[in-house]
Amino acid sequence: MNKIYPSADAALDGLLSDGMLIAAGGFGLCGIPELLIDALVKSGVKDLTVASNNAGVDDFGLGKLLATRQIKKMMSSYVGENAEFMRQYLSGELELEFNPQGTLAERMRAGGCGIPGFYTKTGVGTVIADGKEVKNWGGQDYILEEGIFADISVVKAWKADDTGNLIFRKTARNFNPPAAMCGKVCIAEVEEIVPRGSLDPDMIHLPGIYVHRLVQGEHEKRIEQRTVRKREEA
């Protein structure tokens, strides 16, 4: 089975439909599948629900899909860097389901493992718990969180072989592995595709069984918040 596609557009071909749930990797601006997001923008698919730690910034990452009004609902942890996101949410144009970061990661991982739900103490007694089942064990309350089962996953990795084994570089190994796991079809964009057998098995972060389609391309590496100190006088 050939998993390598010539472009992001080709890698998404036949998979998209309005109203679908997409799990997207990335943390801040690190590890964002920008080529696949650009292809989603180009496709015109709409009314999307997107599960992702954050929503990019106004002109990069998922912020592009927000600008074109293709996202109906976000399932996120942190959204403070996107002014358009805040505008749409505060005006009632965008639905938002807040998730603590650990809960969101575990919901994705659970979906990838076929686990429909799990109990956690995180969020007990807050708005996160509203409408959720609560159970008590050992005098402690726990809320039921559901696993995420996405229609597709879009992720970004550093290296892959042609079977889809993935290695993520540094902090890009964040939400990408659990996001990849929970999609019925996972599409990964990578910086480099290497020959089969050349990756050290002990260095593989995500087995190729979770990855269905690959695309290689050039990527922009941004710094989300650039902070420097003033030069000291000589």
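See the structure printed just above.
Now for a quick tour of the structure. This one's a predicted model, so the numbers in the text were calculated from it and none came from an experiment. (Residues numbered from 1 in each chain as written. Predicted model: local features only at pLDDT ≥ 70, side-chain atom pairs only at ≥ 80, totals over all residues. Heavy atoms only, no water.)

### Here's the deal with the environment of Asn176
Inclusion rule: A run of H or I in DSSP becomes a helix once it reaches four residues, and a run of E becomes a strand once it reaches two; helices and strands are each numbered from the N terminus. In what follows, residue pairs with any heavy atoms lying within 4.5 Å of each other are defined as contacts. Any pair of N or O atoms that falls within 3.5 Å is considered a polar contact. Within protein, one atom must be able to donate a hydrogen and the other to accept it, and sequence-neighbouring residues count only if both atoms are side-chain atoms.
As for its position among the elements, Asn176 is in helix α6 (residues 176–181). Ignoring sequence-local partners within four residues, the contact set of Asn176 consists of Gly25, Gly26, Gly31, Val155, Lys156 and Phe168. At a separation of 3.1 Å, a polar atom in the side chain of Asn176 contacts the main-chain amide nitrogen of Lys156. A polar atom in the side chain of Asn176 sits 2.9 Å from the backbone oxygen of Ala172.

### Description of the sheet that holds strand β8 (residues 140–146)
Two pairing modes exist for strands in a sheet, parallel and antiparallel, and in both the strands are linked by backbone hydrogen bonds. Just so we agree on the cut-off: At least two bridges found by DSSP between two strands is the condition for calling them paired. Lines are fitted to the C-alpha atoms to define the axes, a helix being fitted only along its stretch in contact, and any angle between axes, read from their N-to-C directions, falls within 0 to 180 degrees.
The strand order across the open sheet formed by three strands is β6-β8-β7, and the pairing between neighbours is antiparallel. Among the strands making up the open sheet, the edge pair consists of β6 (117–120) and β7 (134–137). Across the sheet, the mean angle separating the axes of adjacent strands is 35° when strand polarity is ignored. As paired elements, β6 and β8 share four bridges and run antiparallel to each other. Directly across from Gly117, in β8, lies its bridge partner Glu146. Packed on one face of the sheet, helix α5 (residues 101–112) meets β6 and β8 and runs near 155° to β6.

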